[in-house]
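# Structural characterization, general
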There are 2 protein chains.
Amino acid sequence: MPSDDQPVPVFPKPVTLRDVAAQAGVSVATASKALNDQGRMTAETRERIRETARSLGFRPNSLAQSLLRRRSFTVGLLTNDTYGRFSLPLMSGISDALVDKGVSVFLCNVEEDPRLGQMHVDAMLDKRVDGIIATGKRIDRHLPIDLSNLRVPVIYAFTQPDPDAVAFVSDDAGGARLAVEHFCRLGRRRIVHVSGPASFAVVHARAQAYRDVLAENGLPVTEPLLGSWSEAWGHQAVAQLFDGKSDRPDAVFCGNDQIARGVIDALRERGLDVPNDVGVIGFDNWEIVAEATRPPLTSVDMNLTALGREAGLTLLSLVGGTAAAPGIRKLPCLLVVRHSCGRPMDG
Amino acid sequence: MPSDDQPVPVFPKPVTLRDVAAQAGVSVATASKALNDQGRMTAETRERIRETARSLGFRPNSLAQSLLRRRSFTVGLLTNDTYGRFSLPLMSGISDALVDKGVSVFLCNVEEDPRLGQMHVDAMLDKRVDGIIATGKRIDRHLPIDLSNLRVPVIYAFTQPDPDAVAFVSDDAGGARLAVEHFCRLGRRRIVHVSGPASFAVVHARAQAYRDVLAENGLPVTEPLLGSWSEAWGHQAVAQLFDGKSDRPDAVFCGNDQIARGVIDALRERGLDVPNDVGVIGFDNWEIVAEATRPPLTSVDMNLTALGREAGLTLLSLVGGTAAAPGIRKLPCLLVVRHSCGRPMDG
DNA sequence: TTGAAAGCGCTAACAA
DNA sequence: TTGTTAGCGCTTTCAA
């Protein structure tokens with residue numbers, strides 16, 4: 001027996017097309033056509049129906065529409081990037097590109113758990129998402145689920161794609177070029193590279209671009225120093241590079257912003273000035289880190305929001321039946337210049 | 001005229017209940033009952049239907065079910081926290097609590113834009129979400145949309161609620177108590193508080209708890225130093241606290257981890273040892289920051305994942321028709337002990 | 001024990 | 001110009 005002291009809120013029943021039709025004194029079909037700009041009828045009737053719909057606050061039931069149209073105006077975003085470092089900017093771009101088309105996004109974090117991943121995929125499929133975008137925290141690892149042969153189109157963005165799938169990634173080599181060329185342009189001559197673990201594909205892509213640019217500019221190439229993605233490694237690397245060496249670097253290109261932060265701190269601690277003695281560039285443009293270093297860090301931005309926008313729009317065209325060429329498309333990075341590289345050095 | 005060189009992938013038509021029924025040689029109604037454990041029939045029939053469903057890979061169309069049940073097993077998460085610092089752990093908790101109940105989450109970032117917010121809310125409502133959870137980046141600001149009198153239940157989590165709504169927030173005062181009491185327990189005597197801008201409600205809640213605990217322990221209370229939420233402010237505060245002062249603090253409780261990071265760095269730069277000379281505690285337990293300080297930072301965790309879980313479950317019970325008492329429920333924080341406070345000091 | 005029929009809210013042929 | 005009818009995929013009386 002329910003107690004009466006706690007009022008159970010009662011939610012108003014939504015207004016249906018039937019209600020509108022009745023109120024306007026027409027059939028449901030006519031009402032539907034009036035509201036969808038279909039069919040032929042007097043402007044007067046159409047307007048009257050519209051007006052009653054408006055006054056009743058009618059909003060069509062998407063579920064009913066979707067059932068009929070076989071299209072739910074819903075997409076799923078699958079990720080294993082718990083902290084959202086990469087998936088949130090991406091999400092933001094996707095959402096951005098799709099809101100005004102009426103498409104909403106299911107966000108599902110699958111961690112590294114295939115069972116969890118399967119649950120999410122099943123739930124999404126059952127809800128008849130129009131398509132799925134897969135993303136993750138690194139470009140060279142698969143999500144823990146098989147997304148091939150689904151009943152809906154799939155796009156990979158910033159994660160390892162299946163063969164023959166449509167995929168978008170950032171152009172890591174291009175991003176590295178931006179950084180190293182920036183150093184060259186500023187007149188730096190001894191440019192070194194401190195990066196993450198060799199197990200990451202991006203580490204090699206960036207390192208190769210680093211070598212290429214230096215060679216193109218006739219500058220000496222030092223083997224990149226590989227370590228972890230941490231500040232601590234940035235510190236250690238500085239020790240390796242500067243302890244009792246005669247030809248010290250005047251520029252450090254770092255594999256991510258955390259390493260760069262460690263490098264900047266370590267340089268300051270040994271009395272070296274950034275940017276005057278040594279210039280530093282990071283990667284990822286993680287604002288919270290890049291803006292807190294002293295001085296603020298120049299960094300390569302992977303432009304993940306644009307990547308997301310691109311992925312979203314492409315998914316939509318796939319949903320619309322347009323074929324997209326399979327393969328991996330690389331999107332350009334941006335160099336965000338702050339104060340860690342200084343102005344051009346003279347002669 | 002479509003060109004043939006680019007094969008347009010064709011997606012298989014989903015298996016419907018009708019297909020299952022036909023294959024099993026029964027009516028759709030029977031098939032439905034068999035799969036839903038409803039009605040009465042021979043175990044043999046039921047099993048046969050189940051088996052054919054399984055073999056055909058049948059999955060019920062959620063849209064159709066939702067239309068009928070008037071329940072979509074979908075909720076919306078509204079946020080203005082672009083970077084997801086707070087909304088992602090929350091999301092994670094919500095999702096966690098709801099996946100195995102088959103509920104999926106629409107994530108919508110509304111920034112500070114009322115128009116965008118309205119679009120998202122409308123889209124969610126049209127898609128017949130069962131309920132909405134509102135969250136944000138601070139506890140004392142409203143989202144830029146009015147969520148009262150919606151057709152679905154709304155829960156506020158970590159954002160300013162409407163009056164009479166159901167809301168969950170972290171217990172900031174309690175969290176501050178944890179920190180300051182920890183210092184007391186370790187024998188620190190001159191504990192100061194460096195926090196964010198006075199415009200934030202949490203700043204006052206935490207400051208008051210700070211004062212209370214010190215008073216309870218008979219320790220001297222210094223007025224909290226208020227500034228910005230940045231590392232730079234942490235540096236400045238240290239200058240203010242330590243420059244030419246005679247009775248220097250032996251413990252600093254910081255309003256967030258970034259301030260704490262600034263404090264730790266500034267202390268080290270002036271030759272003070274953390275934790276031996278000065279203990280430091282942060283707030284937020286943002287791992288990326290807290291684990292990178294030297295030494296790693298002890299910090300108050302708002303336990304947002306638990307908050308999300310709670311919010312998700314409560315929303316679900318609201319959806320189920322159970323009344324929940326309106327009001328703001330505060331959930332306890334956790335102290336995550338790392339190495340910035342040291343061990344108990346002797347007498 | 002099973003099935004026929006109605007209906008969730010909407011759209012789209014087709015008739016009138 | 002408008003309305004009738006059928007049907008999207010499913011669940012649920014109710015009758016057989």
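Here goes a summary of the coordinates provided. Source: prediction; values computed, not measured.

### Focus: the sheet that holds strand 7 (residues 225-226) of chain B
Residues and elements named next belong to chain B. Across the sheet, which stays open at both edges, the 6 strands sit in the order 7-6-8-9-10-12 with mixed pairing between neighbours. Pairing within the sheet leaves two strands with one partner each, and these edge strands are strand 7 and strand 12 (334-336). Looking at chain direction, strand 8 (residues 251-254) and strand 9 (residues 279-283) are connected through 3 bridges and run parallel. Counted as the bridge partner of Ala251 is Gly279 from strand 9. Its contacts with the sheet put helix 7 (residues 172-185) on strand 6 (191-195), strand 8, strand 9, strand 10 (298-301) and strand 12, and the angle it makes with strand 9 is roughly 170 degrees. Docked against the sheet, helix 8 (residues 201-216) engages strand 6, strand 7 and strand 9, running at close to 180 degrees with respect to strand 6.

### Re empty space enclosed by the protein
Here the structure, examined in full by the defined rule, presents 3 cavities of 30 Å³ or more. By volume, the largest cavity amounts to about 140 Å³. Contributing to the lining of the largest cavity are 14 residues, with Leu63 and Lys127 of chain A together with Leu63, Thr74 and Lys127 of chain B lying nearest its centre. Elements with a contribution of two residues or more to the lining of the largest cavity: helix 4 (62-69) of chain A together with helix 4 (62-69) of chain B. The residue makeup of the lining of the largest cavity, split by class, is 4 nonpolar, 8 polar and 2 charged.

### Topic: helix 7 of chain B
All names here are of chain B. With 14 residues, helix 7 extends 20 Å between its outermost C-alpha atoms, agreeing within 8% with the 20 Å of an ideal straight helix rising 1.5 Å per residue. Those residues of helix 7 that fall on the buried side of the exposure criterion are Asp172, Gly174, Gly175, Ala176, Ala179, Val180, His182, Phe183 and Cys184. Phi turns positive, to about 90 degrees, at Gly187, one or two residues after helix 7.

### Remarks on the relation of the copies chain B and chain A
When chain B is brought onto chain A, the operation consists of a screw motion whose angular component is 180 degrees and whose axial shift is 0.0 Å, with 0.1 Å RMSD remaining. The transformation relating the two chain copies, once decomposed into turn and shift, fits a two-fold axis. For chain B, the residue whose C-alpha comes nearest the rotation axis is Phe106 of chain B, separated from it by 2.2 Å. Looking at the interface residues of chain B, 98% of them are also at the interface in chain A, so both copies use one shared face.

### Focus on the interface of chain B and chain A
How big an interface is tends to be reported as the loss of accessible area on association of its parts. If you look at the interface, chain B gives 60 residues, while chain A gives 61 residues. Across the chain B to chain A interface the summed buried area is about 5200 Å²; carbon plus sulfur atoms make up 59%. It is Leu63, Lys127 and Arg128 of chain B in chain B that bury the most area against chain A; as a group they hold 13% of the surface buried on that side. The tally of links between chain B and chain A comes to 12 salt bridges. The partner of Asp122 of chain A in a salt bridge is Arg59 of chain B, with the nearest N and O atoms 3.7 Å apart. At the junction of chain B with chain A, the criterion picks out 22 residue pairs in polar contact (both at pLDDT 80 or more). Going through the elements one at a time, helix 4, helix 5 (87-98), strand 2 (104-109), helix 6 (114-126), helix 9 (231-242), helix 10 (257-269) and helix 11 (287-290) of chain B are the ones with two or more residues in the side of chain B that touches chain A. With 6 residues, helix 6 of chain B is the single largest residue contributor to the side of chain B that touches chain A. A breakdown of the residues in the side of chain B that touches chain A according to their chemical character gives 30 nonpolar, 15 polar and 15 charged.

### Notes on the protein's contact with DNA strand C
The environment of DNA strand C is formed by 26 residues, the closest being Leu17 and Leu68 of chain A together with Lys33, Arg40 and Arg70 of chain B. When atoms of DNA strand C within 4 Å of the protein are split into backbone and base, the sugar-phosphate part holds 72%. Contacts to DNA strand C include Ser32 of chain A, whose side-chain N or O atom sits 2.9 Å from a phosphate oxygen. Here a phosphate oxygen of DNA strand C sits 3.3 Å away from a polar atom, N or O, in the main chain of Thr42 of chain B. Among the secondary structure elements, those contributing two or more residues to the surface near DNA strand C are helix 1 (17-24), helix 2 (28-36) and helix 4 of chain A together with helix 2 (28-36) and helix 4 of chain B. It is helix 2 of chain A that provides the largest number of residues to the surface near DNA strand C, a total of 5 residues.

Conventions we followed
- Residue positions are given per chain, counted from 1 along the sequence in the order it is written.
- Chain A is the first chain written and ligand 1 is the first ligand written, with later ones labelled in order.
- The model is predicted, so local features are restricted to residues of pLDDT at least 70 and side-chain atom pairs to those at 80 or more, both for listing and for counting; the totals for chains, interfaces and linings are taken over all residues.
- Think of the side-chain values as coming from all heavy atoms in the structure, minus any hydrogens and water.
- DSSP bridges decide pairing: two strands pair if at least two such bridges lie between them.
- In this description a helix means any DSSP run of H or I spanning at least four residues, a strand means any run of E spanning at least two, and both kinds are numbered starting from the N terminus.
- Note on contacts: a residue pair is in contact if any heavy atoms of the two residues lie within 4.5 Å.
- All axes here are fitted lines through C-alpha atoms, helices being fitted over the stretch that makes contact, and every angle between N-to-C directions spans 0 to 180 degrees.
- Whether a set of points on the 1 Å grid over the protein atoms alone is a cavity depends on a 1.4 Å probe fitting there but being unable to get out, while an open set qualifies as a pocket with protein on both sides within 12 Å along at least five of seven lines; lining residues are those with an atom within 4 Å of a point.
- Grid points are joined across faces, edges and corners, and a volume is the space filled by probe spheres set on the points.
- Following the grouping adopted for this structure description, the nonpolar residues are Ala, Val, Leu, Ile, Met, Phe, Trp, Tyr, Cys and Pro, the charged ones are Asp, Glu, Lys and Arg, and the polar ones are all others, Gly among them.
- To estimate the expected span of a helix, subtract one from its residue number and multiply by 1.5 Å.
- For each residue, the accessible area found with a 1.4 Å probe, counting protein chains only, is set against the maximum for its type, and the residue is called buried under 20%, exposed over 50%, and partly exposed in between.
- Least squares is used to superpose the copies, and the fit set is the C-alpha atoms of residues whose pLDDT is at least 70 in both copies.
- Reported buried area values correspond to the accessible surface (1.4 Å probe) lost by two parts on association, with both partners' losses combined.
- Put simply, a salt bridge is a Lys or Arg side-chain nitrogen that is within 4 Å of an Asp or Glu carboxyl oxygen.
- A 3.5 Å cut-off defines polar contacts: any pair of N or O atoms within that distance qualifies, except that in protein one atom must be a possible hydrogen donor and the other a possible acceptor, and neighbouring residues in sequence count only when both atoms are side-chain atoms.
- Any residue with a non-hydrogen atom lying within 4 Å of a molecule or strand is treated as near it.

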